[in-house]
Amino acid sequence: MTTAIGEMSVGAAMACAGAAAWVMGGRDTAARRARLLRAGGEVLEIGPSPWERAVVGVRRLRERLRAEWWSAVAGLVIAVLGASVLPLLAGAVGVPLLRRVRQAGEERRERQLRGDAVIALCGALAGEVRAGRQPGEALLRAARDSDGLGEAQAVVLAAARFGGEVPGALSDAARQPGADGLSGLAACWRVAVDRGAGLAAGLDRLEEALRAERDQRADLRAQLAGARSTAVMLAGLPVLGLLLGTALGADPLHVLLHTTPGLGCLLVGAVLEGVGLWWALRIVRGAEAV
């Protein structure tokens with residue numbers, strides 16, 4: 001009886017894994033194009049089959065759902081396989097945690113894009129000044145062509161167009177995450193306008209310094225990518241152990257979810273797993289912040 005249950009669990013797990021891999025893989029089949037059928041010398045156009053329409057619907061649902069909601073889906077699948085409500089509750093708890101991870105990643109990408117926009121602005125402004133344009137007109141042209149500065153771009157454009165306090169606008173824009181280089185641009189602007197120093201030369205040095213700092217951070221992230229990947233891989237080893245146990249007919253889901261020792265091991269293991277993953281990623285983030 002235990003062997004039959006184990007075989008059924010293995011089959012269900014393999015079916016779910018295969019369906020998830022096929023859907024997540026983005027397989028481009030005839031679902032996105034009409035099929036042609038030649039009959040009696042004529043080419044007839046027919047629509048997608050019901051199965052293909054279902055696949056398209058699942059793919060659209062995947063695009064609409066945020067990544068964190070797949071935690072609830074995984075919890076539901078495991079809850080069905082293990083005949084317990086605990087995986088469903090764990091999947092629901094994982095939704096806000098994964099949302100924070102996704103938002104942190106989006107904020108990190110926005111900082112990087114904003115930093116690249118500041119570097120591009122410095123280079124474009126230096127080129128406009130060398131072309132013989134006045135600083136205000138040069139900043140107006142350079143800022144208009146630079147994307148990624150966020151809401152402060154409109155403030156900088158207004159200050160450059162109507163003769164406002166450009167250094168103040170740049171200093172306010174520098175408060176955005178990733179736009180710290182704008183404070184250096186504001187300092188170069190003050191020195192050039194008040195003391196008559198060369199703006200283009202200062203912008204060149206500022207651009208070079210910002211570019212070197214960006215390359216250094218990118219190199220550090222590349223060196224720490226291995227440590228981060230190792231931590232995530234080690235965190236996934238318990239899942240591999242559950243799959244191996246299921247394949248051997250041990251039915252680990254039943255032991256973990258329906259026995260007192262199993263529940264205790266599950267609780268302790270989950271706490272240690274979470275603390276270990278958090279600590280490893282904290283070390284990596286601390287190294288990136290240095």
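Because the structure is a prediction, the values reported are computed rather than measured.

Enquirer: Could you clarify how one ought to interpret the nonpolar core in this entry?
Expert: One broad rule of soluble globular proteins: the nonpolar side chains tend to lie buried together. Ranked by internal contacts, the top residues of the largest apolar core, which has 33 residues, are Leu-125, Leu-139, Leu-182 and Leu-185. When contributions to this core are tallied by element, the ones reaching two or more residues are helix H4 (86-130), helix H5 (135-145), helix H6 (152-161), helix H7 (166-173), helix H8 (181-195) and helix H9 (199-235). When residues in this core are grouped by element, the largest group, seven residues, is from H4. In contact with Leu-125, not counting residues within four places along its chain, are Pro-135, Ala-138, Leu-139, Ala-142, Leu-185 and Leu-203.

Enquirer: Looking at this structure, how should I read the pattern of salt bridges?
Expert: In a structure, side chains of opposite charge can pair up when their charged atoms sit close to one another. Evaluated as defined, the whole model comprises ten salt bridges. Across the pair Arg-102 and Glu-106 runs a salt bridge, and its minimum N-O distance is 2.9 Å. A residue pair is termed a helical-turn pair when its members lie 3 or 4 positions apart in one helix, as Arg-102 and Glu-106 do in helix H4 at four residues. When its relative accessible area of 17% is taken as the criterion, Arg-102 is described as buried. Residue classification places Glu-106 among the partly exposed residues on the basis of a relative accessible area of 27%. Here the residues in one salt-bridge network are Glu-128, Arg-133, Glu-137 and Arg-141, joined through shared partners.

Enquirer: Would you mind going over the environment of Ala-158 with me for this structure?
Expert: Checked against the element boundaries, Ala-158 lands in helix H6. Between the alpha carbons of Ala-158 and Ala-169 there is a distance of 9.1 Å; along the sequence they are eleven residues apart.

Enquirer: Which parts of the structure should I look at to understand the packing of aromatic side chains?
Expert: Pairs of aromatic rings are described using the distance from one ring centre to the other and the angle between the two planes. Overall, the coordinates contain one aromatic pair when judged by the stated rule. Pairing Trp-278 with Trp-279 gives two aromatic rings, centres 6.0 Å apart and planes at 50 degrees, and the pair type is tilted. Here Trp-278 falls in the partly exposed class, since its relative accessible area comes to 48%. By relative accessible area, Trp-279 is classed as partly exposed at 46%.

Enquirer: Looking at this structure, how should I read the side chain of Ser-84?
Expert: As for its placement among the helices and strands, Ser-84 is situated in the loop between helix H3 (69-82) and H4. Residue Ser-84 is classed as buried on the basis of its relative accessible area of 13%. Of the polar contacts made by the side chain of Ser-84, one reaches the backbone nitrogen of Leu-86; its length is 3.3 Å. Sequence-distant contacts of Ser-84, defined by excluding residues within four places in its chain, comprise Ala-79, Leu-257 and His-258.

Enquirer: I keep staring at the environment of Pro-238 and nothing clicks. Help me out?
Expert: Locating Pro-238 in the fold gives a position in helix H10 (residues 237-247). Considered as a pair, Pro-238 and Ala-270 are 32 residues apart in the sequence and their alpha carbons are 9.7 Å apart.

Enquirer: For this particular structure, what's the right way to read the packing of H4 against H9?
Expert: Helices that pack against each other are described as a pair by the angle of their axes relative to one another and the distance between those axes. Contact pair H4 / H9: the axes reach a minimum separation of 9 Å and the direction vectors enclose 155 degrees. Judged on the interaxial angle alone, H9 and H4 are roughly antiparallel. Note on packing geometry: the crossing formed by H4 with H9 is left-handed. On H9, the residues touching Gln-112, Asp-116, Val-118, Ile-119, Cys-122, Gly-123, Leu-125, Ala-126, Val-129 and Arg-130 of H4 are Leu-199, Ala-200, Leu-203, Asp-204, Leu-206, Glu-207, Leu-210, Arg-211, Arg-214 and Arg-221.

Enquirer: Where do I start with H4 in this structure?
Expert: For an α-helix, the turn length of 3.6 residues means that residues three or four places apart are oriented alike. Over its 45 residues, H4 runs 67 Å from end to end, which matches the ideal 66 Å to within 8%, given 1.5 Å per residue. At Val-95, H4 shows its strongest bend, of approximately 30 degrees, with the proline Pro-96 following within four residues. Two residues or fewer after H4 comes Gly-132, characterised by a positive phi angle close to 100 degrees.

Enquirer: Help me understand unusual backbone geometry, please; the structure alone is not making it clear to me.
Expert: Backbone geometry follows two general trends: most residues other than glycine have a negative phi, and most peptide bonds adopt the trans configuration. For Ala-83, which is not a glycine, the phi torsion comes out positive at approximately 55 degrees. Of note, Ala-83 is situated in the loop between H3 and H4. A positive phi angle is found at Asp-251, which is not glycine, with a value near 55 degrees. Within the secondary structure layout, Asp-251 lies in the loop between H10 and helix H11 (252-258). Overall, Asp-251 belongs to the buried group, its relative accessible area being 14%.

The rules we used
Residues numbered from 1 in each chain as written. Predicted model: local features only at pLDDT ≥ 70, side-chain atom pairs only at ≥ 80, totals over all residues. Heavy atoms only, no water. Core = buried A, V, L, I, M, F, W, Y, C linked by side-chain atoms within 4.5 Å. Buried < 20%, exposed > 50% of the residue type's maximum accessible area, 1.4 Å probe, protein only. Helix = DSSP H or I, 4+ residues; strand = E, 2+ residues; numbered from the N terminus. Contact = heavy atoms within 4.5 Å. Salt bridge = Lys/Arg side-chain N within 4 Å of Asp/Glu carboxyl O. Phe/Tyr/Trp six-rings, centres within 6.5 Å; stacked < 30°, edge-to-face > 60°. Polar contact = N/O pair within 3.5 Å; in protein donor to acceptor, adjacent residues only side chain to side chain. Axes fitted to C-alpha atoms, helices over the stretch in contact; angles between N-to-C directions. Parallel < 35°, antiparallel > 145°, perpendicular 65-115°, else oblique. Left-handed = near helix turned anticlockwise from the far one by under 90°. Expected span 1.5 Å × (residues − 1). Bend = angle between axes of the 7 residues up to and from the residue.

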